[in-house]
Each structure stands twice: as C-alpha cells, then as structure tokens.
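# Descriptive analysis of the structure
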Amino acid sequence: MLWTTLLAFAAAADALPSVNKWWKRQGSTTMLRFGCAQVVIDRLDPLVQPGQAPSSHMHQIVGGNGFNTTMTTSDVSNTASCTTCAFSDDFSNYWTANVYFKARNGSYKRVKQLGAAKQFSDDYSTKIDGGVLVYYVSAQPGKITAFKPGFRMFVGDPTRRTADPNLKRQNCFRCYSGPNFGGDTAAPCQGTNDFTGFPPSPCAGGIRSNILFPTCWDGVNLDSPDHKQHIAYPSSGPATFLNLGGNCPSTHPVRIPQLMYEVVWDTTPFNNKADWPADGSQPFYLSYGDNTGYGQHGDYVFGWKGDALQIGMDASGCMGAKCKTMKNQAIDQGKSCQVSVKVKEDHDAWLTSLPGMDSMPMQM
Ligand SMILES: *[C@@H]1O[C@H](CO)[C@@H](O)[C@H](O)[C@H]1NC(C)=O
Ligand SMILES: *[C@@H]1O[C@H](CO)[C@@H](O)[C@H](O)[C@H]1NC(C)=O
C-alpha cells in the first residue's frame, strides 16, 4: 500500500471508528507509532560507554526512568517505575545525538526538538513538546519476534563522514518546507526532501531525522561487542520503512520488529542565511562534531514489560498510538516521568565548543 494512503487512514483512524475497522480488516501490518516525551538530556551513554560520566558526547533520551550511567543488562522494566511513552508498559530507552547550530563567531547552541509533525491527532503527537516519535512495524507474512529482556542495539556509524550507498532509505534528514511538516507525506527517507546528510539550505519548518534499525536478529545474543553484530539486514538489503518482506540471512534468521526513530529539530530560529557560514555551507552539527550528518546513529535498550510488545506485534492491524491489546497512559503522566541530570552542564547556553569535544580527539 502507498504510504500516503496508509498515512491518511492512520490519521483518520485516530478519530473514526469505522476507518479503524477498515484498517483492521487489512490485517497484515501493525504499525505502532507513538510519542515519548524527553526523559532527560545528558552526556551519558549506558550502551556504548557504560559507567562513563560524562560520556564522549551529548544525547537526548526518551522512555523509562531506568536510564542511568550504567543500566542493568537484565530486565529494564524491573528497574524503571515510569515512562515518558504513550504505552505505559514500555520502559525501553531510545536515544540519539543532539543537534547544534554553529554561529559565524564559532559558538554553538543546542537545537531544540519540536513535537511530532501534526499528521496524527493523539496527545502524544500534538502535546509532546520535544521527545521522539517511535515506530515498531510488524509486517507479515511470517512471524515477527519481539525483542527479549536485556536486548539492546545500535545503528549507524558516528565516524562516517560520507554517504553509505548501501544504507539508502535507512537514515536521513527531511527538510520541512513549511510549518506542520510542510505537508510532505512521502514515506520516511523516500521523499524528494529527504537527504542522507544535513540539508544544504534552510528548512522553513525544521529538520526531521529518521533512523531505521536492522530487522533481523541472530536469535541468541541480546547484545554484541559493537552492539550491531547480533543484528543484520535482510539478504536482499535493508528493508525500507513498512516493508519487511525480505528474508533474513541464515546467520540472523529471526525477524524482529522494524524500529524507527523520528526526531523533529526546530532549526527555524537559525534560518537566517546571514548567520550561516560565509562559504555557503550548512551550519548544523551532531553533538560529536559531525557537520555532515552521515554519522547519525541511534541507541536502543529494550524494556517492555513481559510480553507487552509481542502482544502488540501479534495484534495485526494496530495503527498509531493505540492498540486494543496495549495499555496507554495520559500525556501528563508521561511528561511527569523524569530522570535527573547526572552530568551537570548548561544545555541551553551559547558554548565555545561542543560538550566533550574541546580537549580530546573524537572518541566513540
Ligand atoms: C542510578 O544508578 C545509581 C548507582 O547504581 C543508583 O544509586 C541510582 O539510584 C540510579 N538511578 C536511577 C534513577 O535509577
Ligand atoms: C556568537 O554569536 C551568537 C549569535 O549571533 C551570539 O548570540 C553569541 O553571543 C556570540 N558569542 C560570542 C562569544 O560572541
């Protein structure tokens, strides 16, 4: 099905029970799409640099309050007591690098996040104020196996500064042409306004990051030394959004949900071309000093309670932020879940260097 059709139905499905029924009769795909408010912004990375405070660069984190300098490698849902996500059984943590604007005088300012683009009408799309939109897609034929307690993974390569042609449509930045997502309903990373690096010109409505994770698992290891070897792309290559049709390789035979992050960066206060570099290049940086965007990456620590995610993935036809077999929480409850900042740094000041990037060579 065309993404635009799906999107239209998904938006309507929030409001119209009859359309919801229509959607459910399609019966082959579940696409959970739900907001998670910010749980903390901190210079920690319990996946790649556990125990290190500060870690090498700044992150923005959503999900459960089990997020910590070091996190349990067993069941995270036993450590956390609340979550910022729409589904109250989801104590997972999702995080990415932050985006910064670099002024002509060399100072940096953190770019804040907007909530979701307003395609969807639920509270976690319209009232989230920042945070991340998280997607889990389960597409048949065949079984999709939800992640297990202790599972974690990483996607992307922070050291990359050139496009990876093999990863087309997996990791991108969309240039919103106007407010309210600029009306661009192309599938993530498949539209004409999607760039594999930072967009070269000002984006009137902000910039949206989409980060897709691999969809195959070795079925054994919950993690691996680089947090990637236990996962893989289908034999036919990376699955585009909503398309899990490809078979998994024999080394990684288990089909897992397609996880995608969507983050909307409010770059609009920085759109004055006179403040951009005189050579015409674009002024945005990821928090580890990447001015290309090609090193964009995402971190995931699974933390759903019990079978809650598997039940959702099996519930064929669930769309958006509601699913009859899954529990929701009110937006105010989600927003009240917070983790205190461990590495005390001013996140909103103009800075002479990116946090962690001043004295040492970049470290991953
Ligand atoms: C984080 O870890 C420390 C040290 O183990 C612990 O004292 C603290 O309670 C944890 N914080 C949270 C929010 O879990
Ligand atoms: C650098 O430029 C920005 C944007 O014009 C300004 O707000 C900031 O105060 C300047 N910083 C210094 C150190 O001059």
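Everything that follows concerns the structure shown earlier in this document.
The sections below set out a description of the structure shown in this document. In this convention, every chain numbers its residues from 1, walking through the sequence in written order. Chain labels run from A onward and ligand labels from 1 onward, assigned in the order the entries are written. In view of the model being predicted, local features appear only for residues whose pLDDT reaches at least 70, and side-chain atom pairs are presented and counted only at 80 or more, with totals across whole chains, interfaces and linings using the full set of residues. Think of the side-chain values as coming from all heavy atoms in the structure, minus any hydrogens and water.

A run of H or I in DSSP becomes a helix once it reaches four residues, and a run of E becomes a strand once it reaches two; helices and strands are each numbered from the N terminus. Within the protein chain one finds 5 helices and 19 strands. By definition in these notes, contact holds between two residues if any of their heavy atoms fall within 4.5 Å. A fraction of 77% describes how many contacts in the protein chain between residues 6 or more apart in sequence connect residues 24 or more apart. Surface accessibility follows the Shrake-Rupley procedure with a 1.4 Å probe radius. Residue values consider only the protein chains on display as shielding. When the accessible surface of the protein chain is split by element, carbon and sulfur atoms take 52% of a total near 14100 Å².

It is worth spelling out the packing of aromatic side chains at this point. Planes of paired rings set the category: under 30 degrees apart is stacked, over 60 is edge-to-face and the rest tilted, where pairs are Phe, Tyr or Trp rings (Trp by its six-membered ring) whose centres lie within 6.5 Å. Under the counting rule described, the total for this entry stands at 27 aromatic pairs. Here the aromatic rings of phenylalanine 34 and phenylalanine 87 are separated by 5.1 Å at their centres, their planes lie at 75°, and the arrangement is edge-to-face. Of this pair, phenylalanine 34 sits in strand β1 (residues 29–36) while phenylalanine 87 sits in the loop between β3 (59–63) and β4 (93–97), and the two are 53 residues apart along the sequence. Here the two residues phenylalanine 34 and phenylalanine 87 agree in accessibility, since each one is buried. Taken together, Phe34, Phe87, Tyr94, Tyr136, Phe147, Phe151, Phe213, Trp217, Tyr261, Tyr300, Phe302 and Trp304 form an aromatic cluster joined through their ring pairs. Throughout, exposure labels follow a simple rule: accessible area from a 1.4 Å probe, protein chains only, divided by the maximum for the residue type, with under 20% read as buried, over 50% as exposed, and the rest as partly exposed.

A separate point is the environment of arginine 110. Examined against the element boundaries, arginine 110 turns out to sit in strand β6 (residues 108–110). Between the C-alpha atom of arginine 110 and that of leucine 286, which follows or precedes it by 176 residues, the distance is 9.7 Å. Apart from residues lying up to four places away in sequence, arginine 110 is in contact with Ile41, Asn98, Val99, Tyr100, Phe270, His347 and Asp348. Among the polar contacts listed, one links the side chain of arginine 110 to the backbone oxygen of histidine 347, at a separation of 3.0 Å. We call two N or O atoms a polar contact when they sit within 3.5 Å, provided that within protein one can donate a hydrogen and the other can accept it, with sequence-adjacent residues counted only if both atoms are side-chain atoms.

Another point: the site of ligand 2. The full set of residues close to ligand 2 is Ala103, Asn105, Ser107 and Trp350. Between asparagine 105 and ligand 2, the recorded distance is 2.3 Å, taken from a side-chain N or O atom to an oxygen atom. A distance of 3.3 Å separates a nitrogen atom of ligand 2 from a polar atom in the side chain of serine 107. Within the complex, 40% of the 360 Å² of free accessible area of ligand 2 lies under protein. Of the residues in the shell around ligand 2, the class split is 2 nonpolar, 2 polar and no charged. When at least one non-hydrogen atom of a residue lies within 4 Å of a molecule or strand, that residue is treated as near it. Residue type decides the class: Asp, Glu, Lys and Arg count as charged, Ala, Val, Leu, Ile, Met, Phe, Trp, Tyr, Cys and Pro as nonpolar, and the leftover types, Gly among them, as polar.

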